[in-house]
Number of protein chains: 2
Amino acid sequence: MILEKIQNSDQPLCAQQIYEEMKEALDLATVYRGLKYLEENSEISSFLLDCSERGVERYYSSFFAHHKHYMHCMACHRFTPIDTCPLGGFESLEKKTGFRIDEHFLTLKGLCKKCQNK
Amino acid sequence: MILEKIQNSDQPLCAQQIYEEMKEALDLATVYRGLKYLEENSEISSFLLDCSERGVERYYSSFFAHHKHYMHCMACHRFTPIDTCPLGGFESLEKKTGFRIDEHFLTLKGLCKKCQNK
DNA sequence: AAGTTTTTGCAACTGATTTGCATAAATTAT
DNA sequence: ATAATTTATGCAAATCAGTTGCAAAAACTT
Ligand SMILES: [Mn+2]
Ligand SMILES: [Mn+2]
Ligand SMILES: [Zn+2]
Ligand SMILES: [Zn+2]
């Protein structure tokens, strides 16, 4: 159920949002346990969002959307996906610093098209 | 005191780390209040780090280091600063999506030089 | 020194997430 | 199909970073 909800959404969802729509069927603790299980089994992936209005929440999206980046609208709080990762090769940075980069997380914030025209 | 500690550190620091070194002088709540004040007055800036070992914590660095990005070592948990922001112009992305990008946050994770050679 | 404002410590609270525990549901063995 | 065993669930309590109320302490004004 939880997996389907996430797969059928065009937006990353947080635990509360998933719970809202199934509160008659599932307890919040069960939602969290389900999300944990799904993430451990690589069916979904998550990232933290630090939103000035809504605070810090973890958002989940289906795994095939793994390593996708989003732009977060600070007005409507929706995510706009970015098709191509704007981060290119880190080779020169790695060579220069000796650091081996394994993962990167990028969050863009601003105003979506709709919210600008208001 | 808090501001000095942050300015004199080569690493972003979290509330706990700052508190550790002044626990005889300051209460943790006072540290948090100080950090809030300093950030509101743009003397420091902060970012969230989601570390698989240490959990989610907010790290603070002096404001002149604002808009700096770091690579976080997953072994020693230290930050290596990146001198030049690897993110170039978002103009084409903005034009294509209509989204207006105001801020961006980037976290790189991996293994620092030292930790690789162990 | 007395009155006023600001800062502090401490404890209680918050909100997201996790956990213990006893029960319910699903599986497997008899 | 029935009893024994395993797994999933609800609910409440715990956790953890961070915040807040409140009364006492410190700093500032008069
Ligand atoms: Mn990327
Ligand atoms: Mn940048
Ligand atoms: Zn919007
Ligand atoms: Zn390291």
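This text gives an overview of the structure that appears in the document.

Quick notes on the protein's contact with DNA strand D
Lining the immediate environment of DNA strand D, one finds Ala-25, Leu-26, Asp-27, Ala-29, Thr-30 and Arg-33 of chain A together with Ala-29, Tyr-32, Arg-33, Lys-36, Val-56 and Arg-58 of chain B. At the protein interface, 62% of the atoms of DNA strand D within 4 Å belong to sugar or phosphate. At 3.3 Å, a side-chain N or O of Arg-33 of chain B approaches a base oxygen of DNA strand D. Arg-58 of chain B has a polar backbone atom sitting 3.1 Å from a phosphate oxygen of DNA strand D.

Let's talk about helix 3 (residues 28-40) of chain A
All names here are of chain A. With 13 residues, helix 3 extends 18 Å between its outermost C-alpha atoms, agreeing within 8% with the 18 Å of an ideal straight helix rising 1.5 Å per residue. Of all the residues in helix 3, the buried ones are Val-31, Gly-34, Leu-35 and Leu-38. Along the long axis of helix 3, the arc covered by the buried residues comes to 100°, so they all point the same way. Helix 3 presents Arg-33, Lys-36, Tyr-37 and Glu-40 as exposed residues on the side facing more than 90 degrees away from its buried surface. Looking at the buried residues of helix 3, the elements they touch are helix 1 (2-7), helix 2 (15-20), strand 2 (44-51) and strand 3 (55-62). The opening residue of helix 3, the one whose side-chain oxygen lies 2.9 Å from the backbone nitrogen of Ala-29, is Asp-27. Where helix 3 ends, the next residue or the one after it, Ser-42, has phi of about 55°, a positive value.

Quick look at the environment of Tyr-19 of chain A
Residues and elements named next belong to chain A. Looking at where Tyr-19 falls in the secondary structure, it is placed in helix 2. Distance in space between the C-alpha atoms of Tyr-19 and Ile-44 is 16 Å, their sequence separation being 25 residues. If sequence neighbours within four positions are ignored, Tyr-19 has contacts with Leu-26, Asp-27, Leu-28 and Val-31.

Looking at the interface of chain A and chain B
Taken residue by residue, the interface counts 34 residues in chain A and 34 residues in chain B. A buried area of about 2,900 Å², summed over both sides, lies between chain A and chain B, and 65% of it is on carbon and sulfur atoms. Across the chain A-chain B interface, the total number found is 4 salt bridges. Lys-96 of chain A is the partner of Asp-83 of chain B in a salt bridge, and the nearest nitrogen-oxygen pair spans 3.6 Å. Among the elements of the structure, strand 2, strand 3, strand 4 (69-73), strand 5 (79-82), helix 4 (91-97), strand 6 (100-111) and helix 5 (113-116) of chain A are those that each provide at least two residues to the side of chain A that touches chain B. Sort the elements by how many residues they give to the side of chain A that touches chain B and strand 6 of chain A lands first, with 12 residues.

Definitions and limits used
Residues numbered from 1 in each chain as written. Chains lettered and ligands numbered in written order. Predicted model: local features only at pLDDT ≥ 70, side-chain atom pairs only at ≥ 80, totals over all residues. Heavy atoms only, no water. Near = heavy atom within 4 Å. Polar contact = N/O pair within 3.5 Å; in protein donor to acceptor, adjacent residues only side chain to side chain. Helix = DSSP H or I, 4+ residues; strand = E, 2+ residues; numbered from the N terminus. Expected span 1.5 Å × (residues − 1). Buried < 20%, exposed > 50% of the residue type's maximum accessible area, 1.4 Å probe, protein only. Arc of directions from axis to C-beta. Contact = heavy atoms within 4.5 Å. Buried area = accessible area lost by both parts, 1.4 Å probe. Salt bridge = Lys/Arg side-chain N within 4 Å of Asp/Glu carboxyl O.

By themselves, these figures tell us nothing about what the structure is for.
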